[in-house]
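# Topology and contacts: notes
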Amino acid sequence: MRRKLVAGNWKMHGSHSANAELLAGISSARPFGCDVAVCVPFPYLSETAVALAGGPVLWGAQDCSAHEQGAYTGEVSVAMLAEFGCRYVIVGHSERRQYHAETDLLVAEKARTALARGVTPIVCVGETLAQRDAGETEAVVKRQLSAVIHALGHCAGEMVVAYEPVWAIGTGKVATPEQAQAVHALLRAQLKAATPNADEMKILYGGSMKPDNAVSLLSQPDIDGGLIGGAALKAADFVAICRAAG
Ligand code: PGA
């Protein structure tokens, strides 16, 4: 049985006081029967590391540079994330693809750079509503994942994949468990063709996962956890999803 992972994606939310309360709420709810992580804005990595040090809840970032170092104003390298104890980094979130024009190739480079530094990339793939309506879901997610598989080569089995249908993110419109499972199964099959340990890899679902729909989504055979946006900002909701996962 794959151990599930529930990762919070705080996006551009937080403040010193709100973070302290949220992290304390999550930490005090342990133990969890699944892996738990929070992906926080860069400036809050330090306080998150201090608050969670020595406990079971891991932390990470929401993006990284594809470059090792250098004249890239505003970017943050994976080596820096590693210095702050990041276990995970989200790459290729649809908000990065949409608002920052990140291409499949760039996302793949970021994933490769992260793994090379020992930080596990959570690679997001997902179709827009227009693409789903046009029957392109399979082609889109396969193309997005294939770029990363190609870049990672024999290390492909070490990434975490997150299926996040763009139309379900922050909209309250969740994919049905069957819709999500169907795409997860496709992704698993694609991973199986690329790496011998596809059966051990985690494929998370993200997009309006909440305490009241988490159980039905997480009980699907190929859904190995969640990438949680809105519901990750309230300790009670996030903890409820973690409980649903394990
Ligand atoms: P949501 O966001 O849970 O608010 O839909 C998920 C995500 O964007 O990772």
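Going by the structure above, here's the rest.
## Regarding the site of the ligand
Taken together, 13 residues surround the ligand, and among them K11, H93, E164, G170 and S208 come closest. At 2.7 Å, a backbone N or O of G170 approaches an oxygen atom of the ligand. Contact distances for the ligand include 2.9 Å between an oxygen atom and a backbone N or O atom of G229. In the complex, the protein chains occlude 98% of the 280 Å² of accessible area that the ligand would expose alone. When grouped by side-chain class, the residues that make up the shell around the ligand number 4 nonpolar, 7 polar and 2 charged.

## Observations concerning the pattern of salt bridges
Per the stated rule, a full pass over the model turns up 18 salt bridges. Ionic pairing is found between E138 and K142, a salt bridge with its closest N-O pair at 2.9 Å. One end of the pair, E138, and the other, K142, are both in helix 7 (residues 137-152), 4 residues apart, so they sit about a helical turn from each other. According to the relative accessible area criterion, E138 is partly exposed, its value standing at 36%. We note a salt bridge from R188 to D222, for which the minimum N-O separation is 2.8 Å. In this pair, R188 sits in helix 8 (residues 177-192) while D222 sits in the loop between helix 9 (211-218) and strand 8 (225-228), placing the two residues 34 residues apart along the sequence. Note on accessibility: R188 and D222 belong to one class, buried. By sharing partners, the salt bridges in this structure join R2, R188, D222 and D224 into a single network.

Parameters at a glance
- Residues numbered from 1 in each chain as written.
- Predicted model: local features only at pLDDT ≥ 70, side-chain atom pairs only at ≥ 80, totals over all residues.
- Heavy atoms only, no water.
- Near = heavy atom within 4 Å.
- Polar contact = N/O pair within 3.5 Å; in protein donor to acceptor, adjacent residues only side chain to side chain.
- Areas by Shrake-Rupley, 256 points an atom, 1.4 Å probe, with all protein chains shown as cover.
- Nonpolar A, V, L, I, M, F, W, Y, C, P; charged D, E, K, R; others polar.
- Salt bridge = Lys/Arg side-chain N within 4 Å of Asp/Glu carboxyl O.
- Helix = DSSP H or I, 4+ residues; strand = E, 2+ residues; numbered from the N terminus.
- Buried < 20%, exposed > 50% of the residue type's maximum accessible area, 1.4 Å probe, protein only.

No statement about biological role is implied by the geometric values presented.
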